[in-house]
Amino acid sequence: MKQWNIYLSGEIHTNWRQQIEEGCRSLPVTFTSPVTNHDSSDAAGDHLGHIEDSYWRDHQSSKVNAIRTQTLIQSCDLAVIRFGEEYKQWNAAFDAGYCSALNKAYITLHSANIIHPLKEVDAMALAWAKTPDDVIKVIEYVVTPK
């Protein structure tokens, strides 16, 4: 049986990743994700040299983070991209676009009240889920031979 590689992208302030991982524990899946510790992610490039200007610090760290993100998206079979309501997840939108450009299947996970700003992202998704349980059901269907 194929072992599916699923990339979990997006919002880092709730436990949606843990819910999906727990719900898929018995399935042939492996999960990967970006660095989800905000401070660590922001400091990813700090070891390359101290930069006073916050723009260049963010630029340097985003490039270091992209090594992980691009590699994991390129190697995934499926991505789940979560958009929360409290913060704008520009990185998640970028990941969705990257998945689309690579012809990678992805599921969006977000509430109904942010459909409009995500209409282009959702248009390319192969599924839109409102809850982690919805995602679990899609993954179970996709990875389980019938």
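Residues numbered from 1 in each chain as written. Predicted model: local features only at pLDDT ≥ 70, side-chain atom pairs only at ≥ 80, totals over all residues. Heavy atoms only, no water.

A. Geometry of the nonpolar core. The biggest cluster of nonpolar side chains holds 18 residues, and the ones touching the most others in it are Ile6, Ile20, Val29, Val80 and Ile139. Among the elements of the structure, strand 1 (4–10), helix 1 (16–23), strand 2 (29–32), strand 3 (78–82), strand 4 (105–109) and helix 6 (132–143) are those that each provide at least two residues to this core. In terms of residue count, helix 6 provides more of this core than any other element does, 4 residues in total. Look past the residues within four positions of Val29 in its chain and what remains in contact with it is Gln3, Trp4, Ile6, Cys24, Ile139 and Val143. (Core = buried A, V, L, I, M, F, W, Y, C linked by side-chain atoms within 4.5 Å. Buried < 20%, exposed > 50% of the residue type's maximum accessible area, 1.4 Å probe, protein only. Helix = DSSP H or I, 4+ residues; strand = E, 2+ residues; numbered from the N terminus. Contact = heavy atoms within 4.5 Å.)

B. Main features of the packing of helix 3 (residues 54–75) against helix 4 (residues 90–101). At their nearest, the axes of helix 3 and helix 4 sit 10 Å apart, and the two run at 40° to each other. Judged on the interaxial angle alone, helix 4 and helix 3 are oblique. Relative to helix 4, the crossing made by helix 3 is right-handed. On the side of helix 3, the interface is formed by Thr69, Gln70, Ile73 and Gln74, while helix 4 contributes Asp95, Tyr98 and Cys99. (Axes fitted to C-alpha atoms, helices over the stretch in contact; angles between N-to-C directions. Parallel < 35°, antiparallel > 145°, perpendicular 65-115°, else oblique. Left-handed = near helix turned anticlockwise from the far one by under 90°.)

C. Quick peek at the packing of aromatic side chains. In this structure the tally under the stated criterion is 1 aromatic pair. Seen from their ring centres, Tyr55 and Trp56 are 4.7 Å apart, and the 85° between their planes marks the pair as edge-to-face. Cation over ring: Lys2 sits above Trp4, and NZ or CZ is 5.5 Å from the ring centre. Sitting above the plane of the Trp128 ring, Lys130 keeps its charged end 5.2 Å from the centroid. (Phe/Tyr/Trp six-rings, centres within 6.5 Å; stacked < 30°, edge-to-face > 60°. Lys NZ or Arg CZ within 6 Å of the ring centre and 35° of its normal.)

D. Looking closely at the pattern of salt bridges. The final tally for this structure, using the stated rule, is 6 salt bridges. Ionic pairing is found between Lys119 and Glu120, a salt bridge with its closest N-O pair at 3.8 Å. Ionic pairing is found between Asp133 and Lys137, a salt bridge with its closest N-O pair at 3.1 Å. Of the two residues, Asp133 and Lys137 are both situated in helix 6; the distance of 4 residues between them amounts to about one turn of the helix. Asp133 gets classed as partly exposed once you look at its relative accessible area, which sits at 40%. (Salt bridge = Lys/Arg side-chain N within 4 Å of Asp/Glu carboxyl O.)

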